[in-house]
Amino acid sequence: MSHAAHAEAGHQTSMGLDSRKMAFWAFIGSECLLFATLISTYLIYKGKSLEGPFPHEILNIPFTSFSTFDLLMSSLWMVLALAAVQRNDMKWAKVWLMGTAIGGLIFLGGQVWEFSHFVEHGLTLQKNMFGTTFFVLTGTHGAHVAVGVLWLLTLWVRAMQGKLTAKNAMTVEITGLYWHFVDVIWIIIFTVVYLIQ
Amino acid sequence: MAETHAAEHSHPTAGVYIRVAAVLFILTVLEVGVFYVPTFHPILVPALLILSAIKFCLVVMFYMHLKMDNRFFSMIFGGPLILAFGMAMALMFLFKVFILR
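Residues numbered from 1 in each chain as written. Chains lettered and ligands numbered in written order. Predicted model: local features only at pLDDT ≥ 70, side-chain atom pairs only at ≥ 80, totals over all residues.

Undergrad: Can you help me understand the overall build of chain A in this one?
TA: Counting its regular elements, chain A contains 7 helices and 0 strands. Walking chain A from its N terminus toward its C terminus, one meets helices and strands in the order α-α-α-α-α-α-α. Overall, the C-alpha framework of chain A stretches about 70 × 35 × 20 Å when taken along its three principal axes. Buried positions account for 41% of the 197 residues belonging to chain A. (Helix = DSSP H or I, 4+ residues; strand = E, 2+ residues; numbered from the N terminus. Buried ≥ 20, exposed ≤ 12 C-beta atoms within 10 Å, placed from the backbone.)

Next up, the structure:
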């Protein structure tokens, strides 16, 4: 048995499932609880701000719709990267991995612009309950996106060095699980925070 | 074990991924449309929640592969997800976001 095959076999549980993937799903489960806490805190304090700016005065729906579209497309590029790695097409894997990372960077750039715009209009973390809950919720999500971008760029560098092949497809799949989780959380935030005002 | 391992890795084709992305795009356009069209405002909240739930399920089933993967992964994810939903509902009832009549 080759070293790589031996290492792969070492990650199998008694159920025949990959232990890394199983552990990562458990981690995603715990992240659900974290974001459920933050989203419910936002909803509990919604409409309880004593002074403005209020959500309907400051939230920019067309801009955030573009960010949502960007994150959804980055999810598509992520699965295309995984499909490319699985068929050992490393040329396209590199393209899609970089595309996904750029999608994440565009999202983060949009969030930085949005936060700066809000601060210019007087909405800060301490200003009112909307500011506190909004910045904590979307900021935590943004931090997750930033971690995802760093992870994707690391994979891209490994691919450029020739260290990422079809044998490491599970590594890309787990990165994809994280990226899609960040996407589904944004699907909820976009609806709950931006569209249901 | 071999069957389980094969089931864990039988992922959709690029064509399926692109079709799912097209549906996600259409659903996002519908969400924004529902938000802007005054006719839909009486049903705004349920419509947006349903559209959002469909998008969530599509990403989880096809992009995160839970539809094709071993059901054990669905259980590992589904359990905490139900717990998270229940906790969020409990918190909102406790803090009177919803009031039982």
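Undergrad: Sorry, what's going on with the confidence of the model for chain B here?
TA: Interpreting fine coordinate detail is not advised for predicted regions of low pLDDT. Residues and elements named next belong to chain B. On average, residues of chain B carry a pLDDT of 88, and 88% of them reach 70 or more. In the model of chain B, helix H1 (residues 2–9) stands out as the element of lowest mean pLDDT, 48, in contrast to helix H3 (residues 44–63), which has the highest, 96. Here residues 1–7 is a poorly scored stretch, pLDDT under 50, and it has 7 contacts once near neighbours within four places are set aside; other chains count. Prediction confidence for the complex, expressed as pTM and ipTM, is 0.91 and 0.90 respectively. (pLDDT = per-residue confidence, 0-100. Contact = placed C-beta atoms within 7 Å.)

Undergrad: Hey, could you run me through the environment of Ile196(A) in this one?
TA: Position of Ile196(A) among the secondary structure elements: in the segment after helix H7 (169–195). Here the alpha-carbon distance between Ile196(A) and His56(A), two residues 140 residues apart in the chain, equals 9.8 Å. Those residues within four positions of Ile196(A) in sequence are excluded, and the remaining contacts are Thr191(A), Val45(B) and Leu48(B).

Undergrad: Please explain the packing of helix H2 (residues 19–44) of chain A against H7(A) as it appears in this structure.
TA: The packing of two helices is summarised by the inter-axis angle and the distance between the axes. Residues and elements named next belong to chain A. Where H2 contacts H7, the two axes come as close as 11 Å, and the packing angle between them is 15°. By the angle between their directions, the pair H2 and H7 is classed as roughly parallel. Handedness of the H2/H7 crossing: right-handed. Across the interface between the two elements, Arg-20, Lys-21, Phe-24, Ile-28, Glu-31, Phe-35, Ile-39, Tyr-42 and Leu-43 of H2 pack against Met-170, Glu-173, Ile-174, Leu-177, Phe-181, Ile-185, Ile-188, Val-192 and Val-193 of H7. Taken together, the residues that form the contact of H2 with H7 break down as 14 nonpolar, no polar and 4 charged. (Axes fitted to C-alpha atoms, helices over the stretch in contact; angles between N-to-C directions. Parallel < 35°, antiparallel > 145°, perpendicular 65-115°, else oblique. Left-handed = near helix turned anticlockwise from the far one by under 90°. Nonpolar A, V, L, I, M, F, W, Y, C, P; charged D, E, K, R; others polar.)

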